Amino acid sequence: MDLRHNMVVHGKSGLRESYKPLDWGCSPTAEPVGFVKAIRPQSIYIADLDRIEGTGSHDTIIRQCASHAGRCYVDRGCRAPDDLLEGYHIVNIVGTETGGDDLSQYRGGFLSLDIKDGSVIPFNRDPEEVLRQANGWKFDGCIILNIGAVGTETGINRDMLKKMRVAYHRKLFYGGGVATVADLQALSDADIDGAIIATALHHGAVPRAWIRRGSCC
């Protein structure tokens, strides 16, 4: 779920200015709490685009959404270790886009490797290099977020996934371009621990029952 101006929005390739309310797909509404109630996911990933860009905040809405899921992973543009959202079921995500130069200062939650054009932003570093370094940080896991592939359903790069799995020794999730059940199987085969999906769900390529169960079987 991407949140912008109090609505669930959908877009492609990280071009946030073009994101529009998600008024099609699995939910009859783009209002966030109603959206979550309609889909009833076991786990949700929420990106607060307004807060990431420094133009607003959805903290109250996020807490309400989290109460309707077993776990809620939240990237709200965290900028310091004391800039975290407390609440039931909430797992804070620290994105490289906003988390600052010293990511070793954080304790717990998940790190998001925000990747554009093959490099981790804003450092323009190789993802494998950052993942190897992240083994020494205190995060509980990491998300590989291929921003350029978000919403495109272009599939995944299996060779890249294998290299990243070797580089990082804790829980590892992947998001961006996951289009089919075969992609989910490829992630599982590469020992990736979870996937972030949206477009494939709303297009019916991934069963809603799997999202409600929290597993693809």
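For the structure, check the block above.
A.B. asks: Any chance you could break down the overall build of the chain for me, citing the residues and the numbers?
C.D. replies: The helix and strand inventory of the chain stands at 8 helices and 11 strands. Taking 217 residues into account, the globule formula puts the C-alpha radius of gyration at 17 Å, and the chain, at 16 Å, falls close to it. With the C-alpha coordinates aligned to their principal axes, the bounding extent of the chain is approximately 45 × 40 × 30 Å. In the chain, of all internal contacts separated by at least 6 residues, the share reaching a separation of at least 24 is 59%. Just so you have it, the chain exposes about 10000 Å², and 48% of that area is on carbon and sulfur atoms. The averaged location of the 27 negative side-chain charges in the chain is 5 Å from the averaged location of its 25 positive side-chain charges.

A.B. asks: Now, about the pairing of strand 2 (residues 7-10): what can you tell me, with residues and values included?
C.D. replies: A regular strand places its side chains so that they alternate between the two faces of the sheet. Where strand 1 (residues 2-4) lies against strand 2, 3 bridges are found, and the strand directions are antiparallel. Note that in strand 2 the partner of Leu3 across the bridge is Val8. Count of turn residues in the strand 1/strand 2 antiparallel hairpin: 2 residues, of which His5 carries a positive phi of about 55°. Direction of pairing for strand 2 relative to strand 3 (residues 20-21): antiparallel, over a ladder of 2 bridges. Bridging across to strand 3, Val9 finds its partner in Pro21.

A.B. asks: If you had to explain helix 3 (residues 59-66) to someone new, which residues and values would you point to?
C.D. replies: Those residues of helix 3 that fall on the buried side of the exposure criterion are Asp59, Ile61, Ile62, Cys65 and Ala66. All buried residues of helix 3 fall inside an arc of 160° around its axis, so they share one side. Where helix 3 is buried, its residues meet strand 1, helix 1 (32-39), strand 4 (43-48), helix 2 (49-52), strand 5 (71-75) and strand 6 (90-95).

A.B. asks: Please give an account of the environment of Ala167 that cites residues and values.
C.D. replies: As for its position among the elements, Ala167 is in helix 5 (residues 158-167). Residue class for Ala167 comes out buried when judged on its relative accessible area of 6%. Along the chain, Ala167 and Leu201 lie 34 residues apart, while their C-alpha atoms are 29 Å from each other. What Ala167 contacts, discounting residues up to four positions off in sequence, is Glu128, Leu131, Arg132 and Asn135.

Definitions and limits used
Residues numbered from 1 in each chain as written. Predicted model: local features only at pLDDT ≥ 70, side-chain atom pairs only at ≥ 80, totals over all residues. Heavy atoms only, no water. Helix = DSSP H or I, 4+ residues; strand = E, 2+ residues; numbered from the N terminus. Rg over C-alpha atoms; globule rule 2.2 N^0.38 Å. Contact = heavy atoms within 4.5 Å. Areas by Shrake-Rupley, 256 points an atom, 1.4 Å probe, with all protein chains shown as cover. Lys, Arg positive; Asp, Glu negative; His and termini not counted. Charge placed at Lys NZ, Arg CZ, Asp CG, Glu CD. Pairing = 2+ DSSP bridges. Buried < 20%, exposed > 50% of the residue type's maximum accessible area, 1.4 Å probe, protein only. Arc of directions from axis to C-beta.

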